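Survey of secondary and tertiary structure
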Protein chains: 2
Amino acid sequence: MSNTMQNTTQSGDQNRQWVLASRPQGAPTADNFRLEVSAMPAVNDGQVLLRSVYLSLDPYMRGRMNDAKSYAEPVALGEVMVGASVCRVVESKNSAYSVGDLVLSFGGWQDYHVSDGIGLMALPADMARPSYALGVLGMPGLTAYMGLLDIGDPQPGETVVVAAASGAVGSLVGQIAKLKGCKVIGIAGGDEKCRYVRDTLGFDACIDHKAADLASQLASACGEGIDVYFENVGGKVFDAVLPLLNPKARIPLCGLISQYNASELPAGPDRLGLLMGNLLVKKIKMQGFIVFDDYGHRYNEFMQAMVAWLQQGKIQFREDIVDGLEKSPEAFIGLLEGKNFGKLVVQVGAE
Amino acid sequence: MSNTMQNTTQSGDQNRQWVLASRPQGAPTADNFRLEVSAMPAVNDGQVLLRSVYLSLDPYMRGRMNDAKSYAEPVALGEVMVGASVCRVVESKNSAYSVGDLVLSFGGWQDYHVSDGIGLMALPADMARPSYALGVLGMPGLTAYMGLLDIGDPQPGETVVVAAASGAVGSLVGQIAKLKGCKVIGIAGGDEKCRYVRDTLGFDACIDHKAADLASQLASACGEGIDVYFENVGGKVFDAVLPLLNPKARIPLCGLISQYNASELPAGPDRLGLLMGNLLVKKIKMQGFIVFDDYGHRYNEFMQAMVAWLQQGKIQFREDIVDGLEKSPEAFIGLLEGKNFGKLVVQVGAE
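What you are looking at is a predicted structure, and each value in this text was computed from that prediction instead of being measured. Counting starts from 1 at the beginning of each chain's written sequence and moves along it residue by residue. Lettering of chains starts at A and numbering of ligands starts at 1, both following the order in which they are written. Selection of residues for local features in this predicted model requires a pLDDT of at least 70, selection of side-chain atom pairs for listing and counting requires 80 or more, and totals for whole chains, interfaces and linings are taken over all residues. Excluding hydrogens and water, the side-chain values take into account all heavy atoms of the structure.

A look at the overall build of chain A
Scanning chain A for helices and strands turns up ten helices and 15 strands. Here the radius of gyration uses the C-alpha set of atoms, whereas the globule reference equals 2.2 Å times the residue count to the power 0.38. In terms of C-alpha radius of gyration, chain A reaches 21 Å, essentially the compact-globule figure of 20 Å for 351 residues. Seen along its three principal axes, the alpha-carbon backbone of chain A occupies a region of about 60 × 45 × 35 Å. Burial here depends on accessible area, computed with a 1.4 Å probe over protein chains only, as a share of the maximum for the residue type. Under 20% is buried, over 50% is exposed, and the range in between is partly exposed. When the 351 residues of chain A are sorted by exposure, 58% land in the buried category. Contacts: residue pairs with any heavy atoms within 4.5 Å of one another. The long-range share in chain A, meaning contacts at least 24 apart out of those at least 6 apart in sequence, stands at 68%. Residue-level accessible areas treat just the shown protein chains as cover; the underlying method is Shrake-Rupley with a 1.4 Å probe. As presented, chain A carries roughly 13,900 Å² of accessible surface, and 50% of it is formed by carbon and sulfur atoms. For chain A, the centre of its 30 positive side-chain charges and the centre of its 38 negative side-chain charges are spaced 5 Å apart. Put simply, DSSP H or I for four residues or longer makes a helix, DSSP E for two residues or longer makes a strand, and each gets a number counted from the N terminus. Only four residue types enter the tally: Lys and Arg on the positive side, Asp and Glu on the negative side, with His and both chain ends excluded. In this description, the location of a charge corresponds to atom NZ of lysine, CZ of arginine, CG of aspartate or CD of glutamate.

Printed below as a string of structure tokens:
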């Protein structure tokens, strides 16, 4: 029923699936993934058959490739890689859905899957930019909005620093902080991304994390210290941020992409106590969050605000759309290296 | 006007003062302090002359002995060591105060000081236990109350762990958590303190941090993980706590006494990123606080609750009262080694 031949076109009579072939040691490589081609799944009463249109690729997926229990179960070897997708209903034995409906599902890295409807979110069938449901109007948008506003609580005139500033979450964090009257400093990789962050997104400054003098550039840009640091990177960027944090700073801890591929702890000295000492004497709050666990119930509040900002032209959102399910592993590996420029989305099939 | 002779009795015609003689490298030693004997300070119009009755000794004072700017200015070399004290007014040129009044001041390690009244807190002149103003009804009490309830937010049935459980803050944290319906596990140094924590304070269990199998004992006692860890120790106690923290755990970060005397960082590996990774995937909040900066405005709320609990016999509070200002350095050095048993207070003079 399955083989591993390549197939670059979504068809109506077979299902391509990217499964986890082996667990990465350090950075994932192409051979951690295997493309399988199966027959179309059967649709039982109460179910719908969904065709993937857009697949979201996000840093959290790296954690699911490990065997360790994290906040979610790992993907088992041989199982389809997980991920959110925008899908069309192509067959329905569920009265709540009709053929042609557009839905947000957690369908994974594959052309087709069936659902009993639980967990699906209906989208407008004629939605102008369906992929936005995976970005500015989806999990990354909610992450930016809630992490910044609920944990970060930025006040007008405060300094907000955000890393991965051209990415899906970071670009929104910074723009929302600007709308709240903050001074916003971005950190991104390379001149082109930094220009985009400054000129298109309107941050006050953007610093290249590849610069040898990252720490001193950041210190210069943050003349009055840092009040909110939205953390999605860790590593040397956090090292540059730590000495600049102001008393009563807030750190929404959203991601640590710089260390997802690490297979062992860095060399010493051990700075665990140093970090805690800094949090103590500066009265800093650092708080991890997983957006749908913690803020799923506030999705409507977020949607109202974000849709209005988009309509008013106050929020820009850049997507990096890769064409073809077959390119998913390569694109995902690049995501962990910062090669994408904007929200990374795979177009799996026609809208 | 000053010399360094020893003088063990509070007199009415001279002022003994412990000044910072040198900055400690690692643990403080007796020669970091110098006893000076000065003439009585002059009292000008608008001022009162205050005689120290009780002096509070607290771990935060170790930080003030360093040159580094922390949340407060360091004590300068040759200056009187800082600290809260309960004092009698012995001379008044300020209409708001009369001779015999009892006040809480930040008078430092000395027999006498003058004040213009700003920052003094009036106490009942016939207060039954004036030293309580330095403990259960003072800064340690407010610290325990606000750190636990405002940052820790313990819910009935949750597991709360507190280190230094027989100490001024820890003993109150655990008792308040019991009043809120939590399972409370203490950590303290030695059998006698652990017995006191279990039998007198009513914690569900208490573990000796000197035990070689601290981590496994703590794991056994916390069968459902840890929801709130009130941190005032750090070091190996935190290392034992970290793997047991539940998703959405809260860590009020109040003190790190185990590392106050460290003069360099511990050997690696570097676990800074490991800590942040744990906070992220478990959605944990860690928040430092300095009680009077952050919660001074809620002192009355705390007082109402704590006075009622004391009157109802629901809160026990143990003091370790050392007799004589001359013993302050020795007592303070012992505090950092865990030698005190209960809130450490120096009786400087007669009530």
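Anyway, onward from the coordinates.
What about the sheet that holds strand S12 (residues 245-253) of chain B?
One open sheet holds the twelve strands; their spatial order is S10(A)-S9(A)-S8(A)-S11(A)-S12(A)-S13(A)-S13(B)-S12(B)-S11(B)-S8(B)-S9(B)-S10(B), and the pairing between them is mixed. Two strands in the sheet have a free side with no partner beyond their single neighbour: strand S10 (205-208) of chain A together with strand S10 (205-208) of chain B. Strand-to-strand twist across the sheet, computed as the mean angle between neighbouring axes with direction ignored, equals 15 degrees. Strand pairing is assigned whenever DSSP identifies at least 2 bridges connecting the two strands. Direction of pairing for S12(B) relative to strand S13 (residues 285-288) of chain B: parallel, over a ladder of four bridges. Bridge pairing links Pro252(B) to Gln287(B) in S13(B). To get an axis, fit a line to the C-alpha atoms, keeping to the stretch in contact for a helix; angles then go from 0 to 180 degrees between the N-to-C directions. Its contacts with the sheet place helix H7 (residues 272-281) of chain B against strand S12 (245-253) and strand S13 (285-288) of chain A together with S13 of chain B, and it is angled at close to 60 degrees to S13(A).

Describing the pairing of strand S14 (residues 319-323) of chain A
Residue and element names in this part refer to chain A. Across five bridges, the pairing between S14 and strand S15 (residues 343-347) is parallel. Along S15, the bridge assignment pairs Glu-319 with Lys-343. Handedness of the β-α-β unit built from S14, helix H10 (residues 328-336) and S15 comes out right-handed. By convention a crossover is right-handed if, when the strands point away from the viewer, the path from the first strand over the helix to the second runs clockwise.

Side note on the pattern of salt bridges
Note on definitions: salt bridges are taken to be side-chain nitrogens of Lys or Arg within 4 Å of carboxyl oxygens of Asp or Glu. Under the defined criterion, the tally for this structure stands at 26 salt bridges over all chains. Linking Lys339(B) and Glu337(B) is a salt bridge whose minimum nitrogen-to-oxygen distance equals 3.1 Å. Linked by salt bridges that have partners in common, Arg16(A), Asp111(A) and Glu326(A) make up one network.

Details of the packing of aromatic side chains
Note on aromatic pairs: the rings of Phe, Tyr and Trp (six-membered ring only in Trp) are paired at centre separations within 6.5 Å, and the planes decide the class, stacked below 30 degrees, edge-to-face beyond 60, tilted for the rest. Taken as a whole and assessed by the stated rule, the structure comprises 22 aromatic pairs over all chains. In this structure an aromatic cluster arises from ring pairing among Tyr145(A), Tyr299(A), Phe302(A) and Trp309(A).

Quick notes on unusual backbone geometry
In this chain, Gly268(A) is followed by Pro269(A) through a cis amide linkage whose omega measures 5 degrees. Mapped onto the elements, Pro269(A) comes out in the loop between S12 and helix H7 (272-281). If you check the backbone angles, Lys248(B) has positive phi at about 70 degrees while not being a glycine. Within the secondary structure, Lys248(B) is located in strand S12. Looking at Lys248(B), the relative accessible area reads 39%, which means it is partly exposed.

Examining the relation of the copies chain A and chain B
When chain A is fitted onto chain B, the two copies agree to an RMSD of 0.0 Å after a turn of 180 degrees and an axial shift of 0.0 Å. Accordingly, the operation relating the two chain copies is best matched by a two-fold axis. The position closest to the rotation axis in chain A is occupied by the C-alpha of Gly268(A), lying 1.6 Å away. Our superposition of the copies is a least-squares fit, built on the C-alpha atoms of residues whose pLDDT is at least 70 in both.

Overview of the packing of helix H2 (residues 139-152) of chain B against helix H3 (residues 168-179) of chain B
Two packed helices can be described by the angle between their axes and the distance between those axes. Residues and elements named next belong to chain B. Closest axis-to-axis distance for the H2/H3 pair is 8 Å, and the angle between their directions is 45 degrees. By the angle class used here, H2 and H3 are oblique. The element H2 and its partner H3 pack so that their crossing is right-handed. Contacts between H2 and H3 involve Pro-140, Gly-141, Thr-143, Ala-144, Tyr-145, Leu-148 and Leu-149 from the former and Ala-168, Val-169, Leu-172, Val-173, Ile-176 and Ala-177 from the latter. Looking at the contact of H2 with H3, its residues break down into eleven nonpolar, two polar and no charged. The labels follow the angle: roughly parallel below 35 degrees, roughly antiparallel above 145, roughly perpendicular from 65 to 115, and oblique for the rest. Less than a right angle of anticlockwise turn of the near helix away from the far helix marks a crossing as left-handed, whereas a clockwise turn marks it as right-handed. In this classification, Asp, Glu, Lys and Arg are treated as charged, Ala, Val, Leu, Ile, Met, Phe, Trp, Tyr, Cys and Pro as nonpolar, and every other residue, Gly included, as polar.

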